[in-house]
Amino acid sequence: PPDATEMRLPENLFSGAEALRLYRNSYRNTVAWTVGAFFDRLFAGARTDGALIVYTADHGQNLHERGDPGTTTHCSPFPEAEEGAVALVVIGGGGGGDRWRAAAKANFDASGHYRIFPTLLGAMGYDRDAVRRLYGEALDSARPDPATFNSLFNARLGRKPIWVAVRRSAVARPLASDFDAR
């Protein structure tokens, strides 16, 4: 079995407000750098004309902006809205640019991941009405999205999904103290 030293939590998860502030700042810097670098490389070297690019993440992060001292940053048993709040960017080519601009305007902060699969099937040429009947709405749909994520689902074990709403007003913002000059 591991000894007590190996079982210790990383210092940034238990040593107080300043350590958490630095942890959150490091996380934000890492995301900004890696996402920026991804798009810099993509657009510098790829031919994107006619392409549909969907960029997102699998989960959001709880960076303890609410002041909780916990160690879980995502996939917690009782998630906050920010654990389901992720970037979702659609860059449409092939004549679909106007459609995607209109969809972005209509659905800003009001769409979810369950619409990605129908969107991709439509982009591959599958009949949009048939896809909608089987899999639901696409990202460019005018119909409202419930903007939820499933916090617990395991059909093999007979569990029912537990839906958590993601509303912009419910997502914790970085603490003002994170931005204080130090």
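Here's a quick rundown of the structure.

Attention now goes to the packing of aromatic side chains. Applying the stated criterion across every chain yields a total of six aromatic pairs. With a centroid separation of 5.6 Å and 70 degrees between ring planes, the pair formed by Tyr114 and Trp163 is classed as edge-to-face. Taken as a pair, Tyr114 in the loop between helix 3 (97-107) and helix 4 (116-123) and Trp163 in strand 4 (residues 163-165) lie far apart in primary sequence, 49 residues in all. Overall, Trp163 belongs to the partly exposed group, its relative accessible area being 46%. Residues Phe117 and Tyr135 carry aromatic rings whose centres are separated by 5.0 Å and whose planes lie at 90 degrees to one another, so their mutual orientation is edge-to-face. You can see Phe117 sitting in helix 4 and its partner Tyr135 sitting in helix 5 (residues 128-135), a full 18 residues away along the chain.

Okay, the pattern of salt bridges next. The final tally for this structure, using the stated rule, is eleven salt bridges. Between Asp145 and Arg115 there is a salt bridge, with the nearest N and O atoms lying 2.9 Å from each other. You can see Asp145 sitting in the loop between helix 5 and strand 3 (148-150) and its partner Arg115 sitting in the loop between helix 3 and helix 4, a full 30 residues away along the chain. Overall, the relative accessible area of 17% leaves Asp145 in the buried class.

With that out of the way, let us pick up the packing of helix 4 against helix 5. One way to put it is that helix 4 packs onto helix 5 with a least axis distance of 10 Å and a crossing angle of 160 degrees. Classified by the angle between their axes, helix 4 and helix 5 sit roughly antiparallel to one another. Helix-helix and strand crossings are classified by hand; for helix 4 and helix 5 the assignment is right-handed. For the pair helix 4 and helix 5, contact is made by Phe117, Pro118, Leu121 and Gly122 and by Arg128, Val131 and Tyr135, respectively. Its residues assigned to classes, the contact of helix 4 with helix 5 shows five nonpolar, one polar and one charged.

Criteria and cut-off values
Residues numbered from 1 in each chain as written. Predicted model: local features only at pLDDT ≥ 70, side-chain atom pairs only at ≥ 80, totals over all residues. Heavy atoms only, no water. Phe/Tyr/Trp six-rings, centres within 6.5 Å; stacked < 30°, edge-to-face > 60°. Helix = DSSP H or I, 4+ residues; strand = E, 2+ residues; numbered from the N terminus. Buried < 20%, exposed > 50% of the residue type's maximum accessible area, 1.4 Å probe, protein only. Salt bridge = Lys/Arg side-chain N within 4 Å of Asp/Glu carboxyl O. Axes fitted to C-alpha atoms, helices over the stretch in contact; angles between N-to-C directions. Parallel < 35°, antiparallel > 145°, perpendicular 65-115°, else oblique. Left-handed = near helix turned anticlockwise from the far one by under 90°. Contact = heavy atoms within 4.5 Å. Nonpolar A, V, L, I, M, F, W, Y, C, P; charged D, E, K, R; others polar.

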